[in-house]
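Residue strings, one per chain:
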Amino acid sequence: MSTFNPRTFLNPDRLCTISPSLLFQFLSNWKSFFDGKSFDLTPLTSSKPHYEKVAEVLLASDGTMPADMVDALHYIDEMARDDAIDALLERAEDDGHTIAVTADSSAADAAIQVWLADSNLLIEVHAETLALKQQSFMHYAGKKTNRRDLMKHTPQEDAAIQSKVDDWFAEKRRGRGSRVFFFKNDKKVWIVIRHGKPMQREGSHNEDGSTGITFYRPQEHDVLVYDRRHDEMGVNCSSRPLREHYVEVLGEVLFGDRHYFNTAKKYTLAPLATLGANALACGDVDGIDMVRLGEVQIPHGGGLLIFKHNDVFAADSAFIKMVLLGSISRASFKVKFTNSKNPRTVNILPSSVARYTQKGDSTAVEEWLKKRGFDISEAVDGDDDGDEDLGRD
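Residues numbered from 1 in each chain as written. Predicted model: local features only at pLDDT ≥ 70, side-chain atom pairs only at ≥ 80, totals over all residues. Heavy atoms only, no water.

1. Structural notes on the overall build of the chain
Turning to step 1, where the next piece is worked out: The number of helices and strands found in the chain is 14 helices and 13 strands.
Turning to step 2, where the next piece is worked out: Sorting the 393 residues of the chain into buried and exposed places 48% on the buried side.
Turning to step 3, where the next piece is worked out: Within the chain, contacts between residues at least 6 apart in sequence are counted, and of these 66% link residues at least 24 apart.
Turning to step 4, where the next piece is worked out: Here the chain displays about 19100 Å² of accessible surface, and carbon together with sulfur accounts for 47% of that area. (Helix = DSSP H or I, 4+ residues; strand = E, 2+ residues; numbered from the N terminus. Buried < 20%, exposed > 50% of the residue type's maximum accessible area, 1.4 Å probe, protein only. Contact = heavy atoms within 4.5 Å. Areas by Shrake-Rupley, 256 points an atom, 1.4 Å probe, with all protein chains shown as cover.)

2. Some details on the packing of aromatic side chains
Two descriptors summarise a pair of aromatic rings, namely the distance from one centre to the other and the angle between the planes of the rings.
Turning to step 1, where the next piece is worked out: Counted under the stated rule, the structure contains 16 aromatic pairs.
Turning to step 2, where the next piece is worked out: Note on Phe33 and Phe34: the rings are 5.1 Å apart at their centroids and 75° apart in plane angle, and the pair reads as edge-to-face. Comparing Phe33 with Phe34, the two get one shared label, buried.
Turning to step 3, where the next piece is worked out: Members of the aromatic cluster, each reached through a chain of ring pairs, are Tyr226, Phe255, Tyr260 and Phe261. (Phe/Tyr/Trp six-rings, centres within 6.5 Å; stacked < 30°, edge-to-face > 60°.)

3. Here's the deal with the nonpolar core
Turning to step 1, where the next piece is worked out: Of all hydrophobic cores here, the largest spans 48 residues; its most connected members are Phe26, Phe34 and Leu122.
Turning to step 2, where the next piece is worked out: Here this core takes seven residues from helix α6 (residues 67-79), the largest share from any one element.
Turning to step 3, where the next piece is worked out: Excluding residues within four positions of it along the chain, Phe26 makes contact with Ala72, Leu73, Ile76, Ile112, Trp115 and Leu116.
Turning to step 4, where the next piece is worked out: Among the nonpolar cores identified, the runner-up in size contains 30 residues, and Phe182, Ile191, Phe261 and Val353 belong to it. (Core = buried A, V, L, I, M, F, W, Y, C linked by side-chain atoms within 4.5 Å.)

4. Some details on the pattern of salt bridges
Turning to step 1, where the next piece is worked out: Taken as a whole and judged by the stated rule, the model has 17 salt bridges.
Turning to step 2, where the next piece is worked out: Between Glu124 and Arg91 there is a salt bridge, with its nearest N and O atoms 3.2 Å apart. Remark: Arg91 occurs in helix α7 (residues 82-94) and Glu124 occurs in helix α9 (residues 119-133); sequence separation between them is 33 residues.
Turning to step 3, where the next piece is worked out: On the accessibility criterion, Glu124 (22% relative accessible area) is partly exposed.
Turning to step 4, where the next piece is worked out: Sharing partners across several salt bridges, the network here consists of Glu232, Lys266, Lys370 and Asp375. (Salt bridge = Lys/Arg side-chain N within 4 Å of Asp/Glu carboxyl O.)

5. Quick look at α6
Turning to step 1, where the next piece is worked out: Between its first and last C-alpha atoms α6 spans 19 Å; for 13 residues at 1.5 Å apiece the expected length is 18 Å, and the two agree.
Turning to step 2, where the next piece is worked out: α6 sits mainly inside the fold: 10 of its 13 residues count as buried.
Turning to step 3, where the next piece is worked out: Turning to α6, its buried residues number three or more, namely Met69, Val70, Ala72, Leu73, His74, Tyr75, Ile76, Asp77, Glu78 and Met79. (Expected span 1.5 Å × (residues − 1).)

6. Points about the packing of helix α3 (residues 20-27) against helix α8 (residues 107-117)
Turning to step 1, where the next piece is worked out: Look at α3 against α8: their axes get within 10 Å of each other, and the N-to-C directions meet at 30°. Viewed along their axes, α3 and α8 adopt a mutual orientation that is roughly parallel. Handedness of the crossing formed by α3 with α8: left-handed. From α3, Leu22, Gln25 and Phe26 reach across to α8, where they touch Asp109, Ile112, Gln113, Trp115 and Leu116.
Turning to step 2, where the next piece is worked out: Here the residues of the contact of α3 with α8 are counted per class, giving five nonpolar, two polar and one charged. (Axes fitted to C-alpha atoms, helices over the stretch in contact; angles between N-to-C directions. Parallel < 35°, antiparallel > 145°, perpendicular 65-115°, else oblique. Left-handed = near helix turned anticlockwise from the far one by under 90°. Nonpolar A, V, L, I, M, F, W, Y, C, P; charged D, E, K, R; others polar.)

7. A closer look at the packing of helix α10 (residues 155-171) against helix α11 (residues 240-255)
Turning to step 1, where the next piece is worked out: For the pair α10 and α11, the least separation of the axes is 10 Å and the interaxial angle reads 150°. As judged from the angle between their axes, α10 and α11 are roughly antiparallel. Note that α10 runs across α11; the crossing there is right-handed. Residues Glu157, Ala160, Ile161, Lys164, Val165, Trp168 and Phe169 of α10 lie in contact with α11, whose contacting residues are Pro241, Leu242, His245, Tyr246, Val249, Leu250, Glu252, Val253 and Leu254.
Turning to step 2, where the next piece is worked out: For the contact of α10 with α11, the class distribution of residues is 12 nonpolar, one polar and three charged.

8. Structural notes on unusual backbone geometry
Turning to step 1, where the next piece is worked out: Geometrically, the link from Pro350 to Ser351 is a cis peptide bond, its omega value of 10° lying close to zero.
Turning to step 2, where the next piece is worked out: Within the element layout of this structure, Ser351 appears in the loop between β12 (344-349) and β13 (353-356).
Turning to step 3, where the next piece is worked out: Unusually for a residue other than glycine, Ser38 sits at a positive phi of about 55°.
Turning to step 4, where the next piece is worked out: When you line up the elements, Ser38 lands in the loop between α4 (31-36) and α5 (51-59).

9. With respect to α11
In an α-helix, one full turn covers 3.6 residues, which means residues spaced three or four apart are oriented alike.
Turning to step 1, where the next piece is worked out: End to end, α11 covers 21 Å across 16 residues, agreeing with the expected 22 Å (1.5 Å per residue, within 8%).
Turning to step 2, where the next piece is worked out: Listed in full, the buried residues belonging to α11 are Leu242, Arg243, His245, Tyr246, Val247, Val249, Leu250, Gly251, Val253, Leu254 and Phe255.
Turning to step 3, where the next piece is worked out: Where the residues of α11 are buried, they touch β1 (136-141), α10, β2 (179-185), β3 (188-196), β6 (219-227) and β7 (232-236).
Turning to step 4, where the next piece is worked out: For α11, the N-terminal cap is Ser239; the gap from its side-chain oxygen to the backbone nitrogen of Leu242 is 3.3 Å. (Polar contact = N/O pair within 3.5 Å; in protein donor to acceptor, adjacent residues only side chain to side chain.)

10. A word on the environment of Met69
Turning to step 1, where the next piece is worked out: Tracing the chain through its elements places Met69 in helix α6.
Turning to step 2, where the next piece is worked out: Separated by 39 residues in sequence, Met69 and Trp30 place their C-alpha atoms 7.6 Å apart.
Turning to step 3, where the next piece is worked out: Ignoring anything within four residues of it in the chain, the contact list for Met69 reads Trp30, Phe33, Phe34 and Leu58.

11. Brief notes about a negative patch on the surface
Turning to step 1, where the next piece is worked out: On the surface, a cluster of negative charge is contributed by Asp82, Asp86, Glu90, Glu93 and Asp94.
Turning to step 2, where the next piece is worked out: Tracing the sequence through the fold places Asp94 in helix α7.
Turning to step 3, where the next piece is worked out: According to the relative accessible area criterion, Asp94 is exposed, its value standing at 52%. (Patch = residues over 30% accessible without salt bridge, like charges linked within 9 Å, V, L, I, M, F, W, Y side chains within 5 Å. Lys, Arg positive; Asp, Glu negative; His and termini not counted. Charge placed at Lys NZ, Arg CZ, Asp CG, Glu CD.)

12. Regarding the confidence of the model for the chain
Turning to step 1, where the next piece is worked out: Residues with a pLDDT of 70 or more make up 83% of the chain, whose mean pLDDT is 82.
Turning to step 2, where the next piece is worked out: Confidence drops under a pLDDT of 50 for residues 382-393, and excluding neighbours within four residues, the segment shows 22 contacts in the predicted structure. (pLDDT = per-residue confidence, 0-100.)

Rendered as structure tokens:
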């Protein structure tokens, strides 16, 4: 979730990370706002830039700061991070923008230059960065009758999706103005839906010691990922009603059937009982060196029987055999990736949920799950997995 709270980054220390000349150029887009505050931005171009005064006027403008300035400050702050700025600069270069980055440039300097060159580009890369950080998805199976390349969606479909989800958000006090982003990564199409949350009111402390009220609407990004080969939609969002609304809307708009997706029977933990420790073999999967079973959960007497061990199959064999013959509701695997020093946890909750510790783990793990029989979804016959070159929309 992304939330705008002015006091998070509208302070002199944070603003000082931006070159004064770039900050002047950026804030000059809202000259009329500062004129209305009788505030002169030109000292930012002098040898003594007045960062503190800029912070004061912005923090004192509760509720009056232009919405597009709020958005711009938020996105620049989000992308001025070490784990995001490289991808942003690479994309800007690919799109033909010249960003003047020197040894003295901060990440905020780079991000603000990209915004000045192409604000929509910064917003799109921000959405992609958020999407690839998600590590838990509920999967829904399509009917396999109308698979399509979602990168060929139309502006009319975008507008229809936004209109339908806006109606839902407005009814739930989340406001309107959602936006939908599509991009392709690892042969899947990722869909990011940006929307508001219910308004929040917080007490604020002003520089002169007085108190005030900050009233703002937090922002949230939900992530969906469509696997064309298996005709499946994975969803990561905050609630079951919203998740179900998303799959109905995307089914209706993109596939012509609001009931096109149903909860997928994608995962099973049966191989743990039928194959035992052999179910953890991973020698045929690139990128994975070792898999251990670290925990199993089994419904028992109205509660859960939870068994944890560094290596479950190394524990008492008779007890483990009894445990694994039960109806396992959750299993946690310790996966040692080739490029990682320590194992990371992967949780499987039949029949449709996978949770990863770190972004990027899913590709190798999905291959392993398929080869060992934990992933029982079936690919559609004759699909070429969409290998054709699909540009960004």
